[in-house]
Amino acid sequence: MENNLLIFEQNSSGRYATSQAPNKIMEIKDIPKNYLRTTTPLLPEASELQVVRHYTNLSRKNFSIDTHFYPLGSCTMKYNPRGVKTAAMLSGFLNRHPLAPESHSQGFLSCLYELQEMLKEITGMTAVSLTPMAGAQGEFAGVAMIRAYHQSRKDYARTEMLVPDAAHGTNPASAVMCGYTVKEIPTLSNGDVDLNALKAALGPHTAGIMLTNPSTLGVFETQIAEIAKMVHDAGGLLYYDGANLNAILGKVRPGDMGFDVMHMNLHKTFATPHGGGGPGSGPIAANDKLKNFLPIPIVGCKENKYYWLDEQAYPNSIGRLSAFMGNAGILIRAYAYIRLLGKEGLHRVAEFATLNANYLMVQLKKAGYTLAFPTRRASHEFIITLTPELKAYGVNAMDVAKRLLDFGIHAPTAYFPLLIPECLLIEPTETESKETLDNFIEAMTKIMVEIKTDQRIMKTAPQTLPLKRLDEVKAARELDITWGHHDDATREH
Amino acid sequence: MENNLLIFEQNSSGRYATSQAPNKIMEIKDIPKNYLRTTTPLLPEASELQVVRHYTNLSRKNFSIDTHFYPLGSCTMKYNPRGVKTAAMLSGFLNRHPLAPESHSQGFLSCLYELQEMLKEITGMTAVSLTPMAGAQGEFAGVAMIRAYHQSRKDYARTEMLVPDAAHGTNPASAVMCGYTVKEIPTLSNGDVDLNALKAALGPHTAGIMLTNPSTLGVFETQIAEIAKMVHDAGGLLYYDGANLNAILGKVRPGDMGFDVMHMNLHKTFATPHGGGGPGSGPIAANDKLKNFLPIPIVGCKENKYYWLDEQAYPNSIGRLSAFMGNAGILIRAYAYIRLLGKEGLHRVAEFATLNANYLMVQLKKAGYTLAFPTRRASHEFIITLTPELKAYGVNAMDVAKRLLDFGIHAPTAYFPLLIPECLLIEPTETESKETLDNFIEAMTKIMVEIKTDQRIMKTAPQTLPLKRLDEVKAARELDITWGHHDDATREH
Amino acid sequence: MPFIPHTKSDIQTMLNTIGVSSIENLFDEIPQNIRTGKFKTIPDGLNEMELMRLMQTRADQDKLDFNFIGAGAYEHHIPAAVWDIVTRGEFMTAYTPYQAEASQGTLQLLYEYQTMMANLTGMEVSNASLYDGASGLAEAILMAVRLHKSSHKILILNSLNPNYKKTVKTLVSPQNIECIECTLENIKEHKNKDFAAIVISQPNFFGLLEDVDKLTDWAHENNSLVIAVVNPLSLAILKEPGKWGKTGADIVCGELQPFGIPLASGGPYAGFMCTKKEFIRQMPGRIVGATVDKENKRGFTLTLQAREQHIRRAKATSNICTNQGLLVTAVTVYLSLLGFEGLRRVATQCHSNAEYLYKKLLELNFIKPLFPDKPFFHEFAITLNKPIKNMAGYNLEKDFPEYKNSFLLCVTETKTKEDLDLFVENLAHGK
Amino acid sequence: MPFIPHTKSDIQTMLNTIGVSSIENLFDEIPQNIRTGKFKTIPDGLNEMELMRLMQTRADQDKLDFNFIGAGAYEHHIPAAVWDIVTRGEFMTAYTPYQAEASQGTLQLLYEYQTMMANLTGMEVSNASLYDGASGLAEAILMAVRLHKSSHKILILNSLNPNYKKTVKTLVSPQNIECIECTLENIKEHKNKDFAAIVISQPNFFGLLEDVDKLTDWAHENNSLVIAVVNPLSLAILKEPGKWGKTGADIVCGELQPFGIPLASGGPYAGFMCTKKEFIRQMPGRIVGATVDKENKRGFTLTLQAREQHIRRAKATSNICTNQGLLVTAVTVYLSLLGFEGLRRVATQCHSNAEYLYKKLLELNFIKPLFPDKPFFHEFAITLNKPIKNMAGYNLEKDFPEYKNSFLLCVTETKTKEDLDLFVENLAHGK
Ligand SMILES: Cc1ncc(COP(=O)(O)O)c(C=O)c1O
Ligand SMILES: Cc1ncc(COP(=O)(O)O)c(C=O)c1O
C-alpha cells in the first residue's frame with residue numbers, strides 16, 4: 001500500500017515551494033517578444049513537504065553502501081567517510097567561483113597541488129593532471145596524449161590501439177573517440193594476456209595498449225614486465241586503466257610496471273561516493289615521455305603561492321576537458337581521504353581488500369561455487385561462474401544476483417567481464433568486516449541449496465522488494481522515457 | 001531476511017572508529033589509583049561503516065513527517081522546514097559556548113530578544129521567558145509563578161489547582177510538582193467545561209486553573225470569558241496550556257481570552273522537529289500581574305546591545321530551569337520559522353490547519369465514523385470514537401490505529417484524551433495537501449469496510465511492517481531494558 | 001503561501017464539502033469580542049534565501065577563536081557521521097515512539113542507549129533521557145525523596161556547579177524539599193541528620209576529583225542515598241558510580257553534552273539518569289524495553305509507562321513528556337563510533353592536555369593554582385596576580401566572590417600542544 | 001586502522017581459511033622486481049578532528065564577499081532541502097542503477113528528471129546527464145556528425161563560451177572533426193558549405209540574446225542540424241529550443257549548475273542533453289525507461305543500453321560510463337521545489353536585477369556598454385575608461401584581447417537592490 005506516484009502525478013496547478021523563490025514575478029520589459037517563451041512546460045507542482053517526502057521516500061528504495069553490503073566487482077564500493085564529505089562541503093569551498101582570482105583561491109589550489117604530488121608517489125609517475133571528470137575521460141585524455149606523442153614525432157602510421165578482450169567497455173570506446181582502431185587481444189585460460197597473440201598484433205601500426213592490472217578478471221597480470229617490453233620495443237606506449245588500483249596500493253606501482261600514462265578512479269580507490277551513477281573523477285598521471293601532453297589546467301606552486309598552469313605553461317597539452325577544473329569537489333574529497341588515511345592507511349587498503357577477496361573466494365569455493373580462475377590468487381576481487389548451475393538446474397548468474405537482493409545484499413557485478421559466461425565479479429573491499437563477509441557466505445550457501453532444490457524461487461527473485469523482477473525488454477521495445485504525452489503536456493500560457 | 005542485530009551483537013574486541021579519536025591512549029599519572037576505573041564496560045565495538053550502516057538502517061524503521069502522513073492529534077506534526085534547521089546549525093551558532101562573553105553573543109542574543117518580542121504579540125502577553133525546555137517545564141514554570149504570586153501576597157491558603165478532566169497528563173503532574181493538590185473539573189457532553197462544577201470547585205483554596213483552548217477535545221471552549229471572570233473573581237489565576245496554539249494563531253490570543261500566564265510548544269506551533277521524542281521548547285508568556293516571576297535568564301536590549309537578565313534584574317524570578325539557556329538551538333529554529341512565515345504566514349497557519357481538520361471531520365463522518373462532538377466545529381483537530389464498532393464488531397481504536405500503518409499512514413493519537421472511550425484524536429496540520437487528506441479518507445473508508453467484513457485483518461494489523469503487533473504486557477512484566485547480563489557484561493581490564 | 005499546499009480550487013472544494021462559504025466561518029464558535037486583529041509588529045515573511053543571509057550574519061557575529069571555557073559545557077570533536085545520521089528525516093521528524101511498530105528505529109536505538117549508559121555508569125538501568133544535567137539532578141533529588149520516604153532534606157557538597165544548585169532550588173523547593181550545602185570539611189557535622197540523599201559531583205565544578213568512595217560509604221552509613229552527578233566522558237578513566245564505596249551510588253545523573261552534542265549556546269543538550277533496578281519504578285522519564293511481536297520476533301516498545309504523566313497524571317514520577325530524544329540519538333551514534341577504546345583516548349588526551357597547560361601556566365610568575373596539589377580531570381582553576389584583559393576561561397568571581405581574579409580553564413582533545421604553547425606565550429607577553 | 005574493521009583474531013582466522021601465513025603472501029603473484037617499497041612523502045594519517053581543522057583553514061582562505069562573476073557558473077539560492085536529500089546515504093553511496101530492483105529510487109528520480117528537462121527544453125527526450133556543459137557540447141557535436149553522416153564540419157557562432165570552444169576542440173578533433181567559427185555578420189558566407197551542425201548558444205557568452213529563430217531556420221535551410229547550448233534557467237523566460245524557428249533545434253545541451261548545484265570551484269556540475277525522438281539511438285549517456293515488473297507494477301530501468309560502452313564497446317555512442325548522477329539528483333529536487341512558477345520568479349528577478357545594475361553603471365561617466373542596446377538575460381559586458389583595482393566581474397581581456405579593460409558582470413536573484421546600490425556607490429567613489 002505504498003505510494004508510488006511520480007512527482008508529476010501529485011501536480012496541482014501553480015503550486016510550488018513558495019519559500020524558495022523571490023516574492024514576485026518581475027515584468028520583462030527589455031527583451032523582444034519573439035525571444036520569449038509562451039508555453040508552460042510540465043514541471044512538478046508540489047509543496048516543499050511533498051517534495052521532501054517524495055524524494056526521501058524514493059531514496060529509501062535504493063540499496064547503497066550506507067545501508068547494504070554492496071560487493072559490486074570493479075566498482076570498489078567501500079565506505080565513503082562522512083568526514084570527507086563534510087570537509088569538502090565547507091562553505092569556503094562550496095561558494096568559491098571557479099573563476100575567482102588566485103588571491104581567493106589559495107586554499108583550494110593548495111589542496112589540488114598536494115593531491116597532484118601525492119598521486120605522483122602513489123602511481124610512480126612524474127606528473128599528474130586532475131582535470132578528467134571520470135575514468136572514461138581519463139582514458140580519453142591518456143590515449144589522446146599517446147596520440148599527441150606519436151604525432152609530435154610525426155609517427156602517423158600508428159593507428160591501432162590494442163585492448164585485451166577482458167577490458168572494460170570504456171577502453172575500446174575511449175580509443176575510438178581518440179580516432180584509433182581497436183584490436184582485441186585474447187586472454188589465456190589462467191587470466192593472463194595471450195603473449196603470442198600480442199606479439200602477432202604488435203607492429204608499426206601499434207599506437208599502444210590499454211591494460212588493467214589486476215585485470216577485470218580479478219587476477220594480477222604476471223607477465224606485465226614482458227608485455228611492457230614487447231610494446232615499447234614495437235614503438236607503442238602503455239596505458240594503465242587504474243580502476244583496480246585499490247588492489248595494489250603500496251604494493252606495486254603502474255609506473256614501476258612500465259606504464260607510460262594512466263588514470264585513477266577517485267570514486268573507487270579514493271572513496272569518493274558514487275552518487276547513484278556519479279560524479280567521479282579520473283585524474284591522469286604520466287611519465288616523462290608524456291607529461292608535456294597532459295590536459296590543462298594543472299596547479300603549480302612557487303614559494304608557497306599556488307597558481308593555474310594553462311596553455312602558456314603547457315603548449316603541447318591535449319587541451320581542456322571541461323569548462324573549468326573538472327569535478328573539483330571530488331578532488332577535494334580525495335585529498336581529504338588520503339590525508340585521513342596517510343601513508344600507513346594507504347598501505348592497508350590493498351592488504352585488506354585482498355584479504356577479504358581471497359577469504360570470500362575460498363569460502364565460496366567451499367560452498368560449491370565454481371571459480372573462474374581456481375589456480376590463481378584473487379586480487380581485490382574474483383569471479384565465479386554459474387555455468388554448471390545453468391546447465392544442471394537452469395539457474396543463471398542473473399537469478400543469483402536477484403536472489404541476493406532478498407538477503408539484503410546488493411548483487412555483485414553480473415555478466416562482466418564479457419568473456420566469462422554466467423559470471424559474477426565479486427569485490428568486497430577492505431572496509432567490510434568479517435561478519436559481513438560471513439553473512440554473505442551464509443546467504444550464498446543457502447542460495448546454492450535453493451539452486452538445487454527450488455528453482456522457482458530463484459527464477460522469481462527478488463521476492464521481498466517493493467517490485468518483482470522488471471521487464472527490461474519491454475522498456476527498450478516500448479520506449480517510455482518521459483512521462484505524459486509531450487504535446488498535451490506543454491500548454492500555452 | 002533483514003539484519004535486526006543490536007549494535008552490541010556486532011561487537012568484536014576493541015574495534016572502534018579509529019578516525020574519531022586521538023591516535024593514542026595517554027598515560028594517567030596524576031590521579032590516584034583508587035579514583036580510576038578498572039572495569040571495561042560493554043559498549044559498541046564497531047567500525048565507522050558498521051555504525052553508519054546500523055543507524056541508517058535503524059532510521060529506516062521509523063515513520064516520520066518526512067516520509068509519512070502523521071496526523072497525531074495534540075502533536076502538530078507539520079512540515080519542519082529544512083532551511084530552518086540549516087540556519088540553526090550554522091557553525092557560528094553551534095560553536096558558541098553558553099558562557100561566551102556578551103561581546104561574542106550579539107548574534108545569538110538578538111535572535112532571542114526578537115523572538116521574545118514576537119511571542120509577546122502572538123500571545124497577547126506582556127513578557128516572555130524562553131528558558132523552559134518543553135511544554136511540561138513551561139507548565140511547571142507558569143504554575144510556579146502563580147504560586148510565587150500568591151505567596152508574594154501572603155495568600156498561603158491557595159493550595160488547589162483546577163484541571164479539567166480533558167487536560168493533558170502534564171497539567172496535573174506539573175501542578176503537583178509545584179506543590180499543589182489537583183482538582184479535576186468535569187466536561188459537558190459538548191466538550192465545554194461544566195461551569196456548575198467549576199463554580200462549586202472555586203473558592204479561597206483555588207490557586208488557579210489550567211486550561212487548553214481549543215481543548216484536547218478539539219473544540220473551542222466558548223465560555224472562556226465567563227470562566228476567566230469566575231476564576232479571577234475567586235482570586236485564582238488562569239494558566240493557558242499552549243499546546244494547541246496552532247489552532248488559533250492570529251484568530252484569538254490567550255492574553256485576550258483572560259489568561260495570566262501560558263506556555264507555547266515551539267516543537268508544535270513553531271515547527272521545530274520532534275526528534276523522536278524531543279527536544280522541544282516551552283517558552284512562557286505572562287501578563288503584568290505575573291511577569292516579575294518569570295524564570296531566568298531573559299534577554300534584554302538597550303541601544304542595540306543585547307545582554308542577559310538574571311537574578312539581579314528579576315529578583316522575584318522563580319529561578320533557573322536549566323544549567324544555561326534552555327534548549328537554545330530550538331529557540332533559534334523557532335525564530336527562523338517565524339521570520340520565514342512572517343505575519344501573513346502566521347495568520348494562514350490556523351486557517352489551513354482548521355480547514356484541513358474540518359474537511360477530514362466531515363469526510364470521516366460520511367465514511368461512517370462516529371464523531372465525539374458532532375455538533376461542534378473542529379478546531380485544528382477532532383475526535384472520532386470507535387465505541388460503536390467495538391460493540392458491533394469487536395474492533396477497537398487500537399486496531400484502527402495499527403491498521404492505518406499498513407496504509408503508510410501514521411496512527412492518530414489513540415486513547416487520549418482519556419474521557420472519550422475508544423477515541424482517535426486526528427490532527428492533519430496545515431502543511432498537508434488535500435491529496436494527502438483524500439488518501440487518508442480513502443484508507444479510512446477501506447478500513448470501515450474491513451471493520452465490518454474482516455475483523456481478523458484488523459486484529460492482526462499491522463501486516464506489512466517489519467514487525468507484527470508487539471506484546472507490551474510482556475515488555476512490562478519481564479522487564480528487559482538493557483542488553484546482556486549486567487554482571488557478565490562488565491569485565492575487569 | 002509558505003508551506004501551505006492548497007490551491008484555490010482545493011480550498012473551494014473543501015469549503016463546499018464542509019458546507020461553509022469561507023475559512024473565516026470555521027472560527028465562528030470563537031466569541032467575537034475576544035477575536036484578534038492582524039499581527040502588527042511581526043515582520044513580513046522572508047524567503048529562505050533572505051532568511052539564510054540574515055541568519056548567517058547573526059551567526060558570524062558570535063565567532064570566538066580560542067575557547068578555554070568549560071564549566072558544564074565542553075568542546076569536543078564531533079564525528080561528521082553523528083549529525084549526518086541524526087538529521088535524517090526519519091529520526092528528526094518522528095514523534096515520541098508511542099506507536100511501537102512504526103518506531104522501531106528510535107526504540108531500538110534507545111534500548112541500545114540505555115544499555116550503553118547503564119554499563120558506562122556501572123548501574124543496572126537507565127532511562128531514555130531528561131532535559132539536561134541540571135534539571136536531571138532535580139529529578140534525581142525528587143526521586144530520592146520518594147524513595148527515602150521519611151526525609152525531605154538533601155545534603156549537597158558545595159563544589160557542585162552553581163547553576164545546578166540554582167536549578168535544583170527552583171524545581172524542588174515547591175515540594176518543600178530543603179537542600180543544605182556542606183563542604184568536605186564540615187560534612188561530619190551533618191552526621192545522623194536524616195538526609196534523603198547526598199549529592200556528589202565527580203569531577204566537581206572546579207574540575208577536581210572527590211574521594212567518592214569515602215563519601216558514598218559515609219552517606220550509606222548515615223542512611224542516605226547517594227546521587228552521583230558525573231561528566232560521563234570522565235567515566236572512561238574514573239571509577240564508575242556503580243563501584244563507588246562498598247555498594248555504589250544509588251542514582252547517577254549528569255549532562256550528555258560531551259558525547260557528540262555541539263556547544264550551541266547551551267542547548268539542546270540532554271540529561272541522563274541511571275539507577276539500581278530496585279528503584280526503577282520511581283525513576284522519571286521514558287524507558288524502552290525489549291519484547292516480541294506476534295511471531296515472536298524481537299522488538300522494542302516504551303514500557304513502565306504507568307510511572308508517566310500520560311497514564312498516571314497527578315501521581316506520575318515526573319511531569320516530563322517531550323524529552324531530548326534527538327540528542328540521545330547523537331549520543332548513541334557517538335558512543336557507537338568511539339566505543340570504550342575511543343572514549344579512553346579522548347578522555348586521557350583531555351586530561352593530559354589539561355595537565356600540560358596547568359603546569360605550563362604555573363611556570364608563569366603571575367599565575368597561581370587556586371587548589372594546589374589536587375587531582376583534576378580536564379578543568380582546573382587558577383588565580384592571576386595581575387589583571388589580564390579578556391582572559392580566556394570562566395571567571396569564577398561572579399559566582400564565588402571569594403575567588404578574586406580566578407578563572408576556571410578547561411582543555412579538551414581539541415587543543416594541540418602548539419595551541420597551548422601559543423596561549424601561554426601570549427599570556428606571558430601580556431597579549 | 002582507519003576504516004578497516006578487522007580485529008587481530010579475524011585476520012588470523014581468515015588467513016587460516018585461505019591457507020596462507022600472512023597477508024603479504026596474498027601478493028605472491030606480483031613479480032618481486034616490480035614491487036614497491038613503502039610510500040615516503042605522503043604524510044602520516046590524520047584523525048577526523050585534525051582533518052577538519054586543516055580543511056577549515058583551507059576553505060576559510062577562499063572566502064570572497066561579493067561576486068559578480070558568471071561566465072558559465074552562476075550563484076543562485078540553493079534550497080536547504082536539496083542537499084539534505086541529496087546527501088542521504090541511499091542516494092549518495094549507491095552505484096549506477098544497474099540492478100533495477102535495488103535502485104528504484106535513483107531510477108524513478110532519473111525518469112522524472114528526463115521528463116522535466118524534455119519539457120523545459122521543448123524537446124521529446126532527454127538523457128540522464130553528461131559530465132558538464134562544455135564536454136556535453138562536444139558529445140552533441142559527435143552525435144550530430146553521426147546523424148548527419150556526410151559532413152565532419154561544424155559551424156560555431158563565435159559568441160560561444162571560450163572554454164567550451166577549447167573543450168570541444170580537445171574532444172572532437174581526434175576524430176577529424178573541424179570546427180569553424182563565424183560571426184552573425186559573416187555567417188552568410190558559410191551558406192551551402194555542408195556543415196553537419198551549427199552551434200548556437202542562448203544567451204551567448206556575453207549574456208546577449210541571439211535571434212535564434214532566424215539562425216535555426218537558416219541552418220535547416222542549409223541542411224545542418226542545430227545544436228542549442230542554453231542556460232536552462234533562462235528557459236523560464238526565453239523561448240525553448242524545441243520552438244526555435246520553424247522546426248526547433250535538433251540537439252539541446254548545456255550546464256545544469258544553475259539548478260541547485262553550488263559553485264564549488266567549477267564542479268562537480270552536470271551536462272544535460274535533449275533531442276528529438278528520432279535521434280535517440282545516437283544520443284550518448286544513460287537513459288531510464290518505464291516498464292513493469294512481473295506483477296505488472298510500474299517500475300523503471302536503464303534502457304537502450306545497446307548504445308553504451310559496456311555493451312557496444314568500440315561502437316558505442318560515447319565512452320561515458322560514470323556520469324553526474326548525484327548532481328542530477330540535486331537538479332531534480334531543485335526543479336521539483338521551484339516548479340515553473342518558481343523558476344520564472346528566479347529568472348525574472350535575475351534579469352531585472354541585471355538590468356538595474358546595468359543602467360546604474362552606465363550612469364557612471366567612466367563606464368560604457370561593450371554591446372550597446374542588445375537584449376541580455378542576466379549578464380552583460382562593460383568597458384571601463386579608467387583602471388579599477390580588483391574590479392568585480394570577469395575580465396574579458398584574457399580571452400578576447402580586443403576587449404581591453406572590459407568586464408562581464410552577472411547579477412542573479414541573490415543580490416538585493418541595496419547590494420547593487422552599494423556596489424555602484426563604491427565604484428563611483430573609487431573603492
Ligand atoms: C575496469 C574499469 N575501467 C574503466 C572504468 C570507467 O570508469 P568511469 O566509470 O569512471 O568512467 C570502470 C568503471 O566503471 C572500470 O571498472
Ligand atoms: C495538550 C498538551 N499539553 C501539554 C503537552 C506537554 O508538552 P511537552 O511534551 O512539550 O512537555 C502536550 C504535548 O505532548 C500536549 O499535547
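Up top you'll find the structure we're talking about.
Residues numbered from 1 in each chain as written. Chains lettered and ligands numbered in written order. Predicted model: local features only at pLDDT ≥ 70, side-chain atom pairs only at ≥ 80, totals over all residues. Heavy atoms only, no water.

A.B. asks: Would you mind going over the overall build of chain C with me for this structure?
C.D. replies: Summing up its helical and strand segments, chain C has 11 helices and 13 strands in all. Counting only C-alpha atoms and orienting by the principal axes, one finds that chain C spans roughly 80 × 55 × 50 Å. When burial is assessed residue by residue, chain C has 72% of its 431 residues classed as buried. Long-range contacts, defined here as pairs at least 24 residues apart, represent 71% of the contacts in chain C between residues at least 6 apart. Accessible area of chain C: about 14100 Å², with a carbon and sulfur share of 51%. (Helix = DSSP H or I, 4+ residues; strand = E, 2+ residues; numbered from the N terminus. Buried < 20%, exposed > 50% of the residue type's maximum accessible area, 1.4 Å probe, protein only. Contact = heavy atoms within 4.5 Å. Areas by Shrake-Rupley, 256 points an atom, 1.4 Å probe, with all protein chains shown as cover.)

A.B. asks: So what exactly am I meant to see when it comes to the side chain of Arg35(D) here?
C.D. replies: Relative to the helices and strands, Arg35(D) resides in the loop between α1 (8-18) and α2 (48-61). Among the polar contacts made by the side chain of Arg35(D), one reaches the main-chain carbonyl oxygen of Lys251(A) at a distance of 2.6 Å. Polar contacts involving the side chain of Arg35(D) include one to the side chain of Glu24(D), which spans 2.8 Å. Those residues in contact with Arg35(D) that lie beyond four places of it in its chain are Lys251(A), Glu24(D), Phe27(D) and Ile30(D). (Polar contact = N/O pair within 3.5 Å; in protein donor to acceptor, adjacent residues only side chain to side chain.)

A.B. asks: Would you take a moment to explain the site of ligand 1 for this structure?
C.D. replies: The local shell around ligand 1 holds 16 residues, among which Ser74(A), Gly135(A), Asp241(A), Lys268(A) and Thr322(D) are the closest. Positioned at a junction of chains, ligand 1 has nearby residues supplied by chains A and D. For ligand 1, an oxygen atom lies 2.7 Å from a polar atom in the backbone of Gly135(A). For ligand 1, a nitrogen atom lies 2.5 Å from a polar atom in the side chain of Asp241(A). Out of a free accessible area of 390 Å², ligand 1 has 99% covered by protein chains. (Near = heavy atom within 4 Å.)

A.B. asks: How should the interface of chain C and chain B be read in this particular structure?
C.D. replies: Size of an interface, as often reported, equals the accessible area lost when the parts are brought together. Each partner contributes to the interface: chain C provides 190 residues, whereas chain B provides 204 residues. Of the roughly 17200 Å² buried between chain C and chain B on both sides combined, carbon and sulfur atoms contribute 62%. Ranking the residues of chain C by area buried against chain B places Phe39(C), Glu101(C) and Arg313(C) at the top, with a combined share of 5%. Here chain C and chain B share 13 salt bridges between them. (Buried area = accessible area lost by both parts, 1.4 Å probe. Salt bridge = Lys/Arg side-chain N within 4 Å of Asp/Glu carboxyl O.)

A.B. asks: Any chance you could explain the site of ligand 2 here in plain terms?
C.D. replies: In the vicinity of ligand 2, 16 residues are found, and the nearest of them are Ser74(B), Gly135(B), Asp241(B), Lys268(B) and Thr322(C). Neighbouring residues of ligand 2 are distributed over chains B and C. Here Thr322(C) contributes a side-chain N or O atom positioned 2.5 Å from an oxygen atom of ligand 2. Surface burial for ligand 2 is 99%, taken as the share of its 390 Å² of free accessible area covered by protein chains. Taken together, the elements giving at least two residues each to the shell around ligand 2 come down to α5 (135-152) and α10 (266-269) of chain B. Tallying contributions element by element places α5(B) first for the shell around ligand 2, with 3 residues.

A.B. asks: I'm lost on the sheet that holds strand β7 (residues 261-264) of chain A in this one. Help?
C.D. replies: Sheet strands associate in pairs through backbone hydrogen bonding, adopting either a parallel or an antiparallel arrangement. Residues and elements named next belong to chain A. With respect to topology, 7 strands assemble into an open sheet ordered β2-β8-β7-β6-β5-β3-β4, the strand pairing being mixed. Strands at the two margins of the open sheet, each flanked by one partner only, are β2 (127-129) and β4 (181-185). Pairwise comparison of adjacent strand axes, ignoring direction, gives a mean angle of 25° for this sheet. With 3 bridges joining them, β2 and strand β8 (residues 284-286) adopt antiparallel strand pairing. By the bridge assignment, serine 129 is partnered in β8 with isoleucine 284. Packing of helix α5 (residues 135-152) onto the sheet brings it into contact with β3 (160-164), β5 (206-211), β6 (237-242), β7 and β8, and relative to β6 it is tilted by some 170°. (Pairing = 2+ DSSP bridges. Axes fitted to C-alpha atoms, helices over the stretch in contact; angles between N-to-C directions.)

What is shown is where atoms sit, not what they do.
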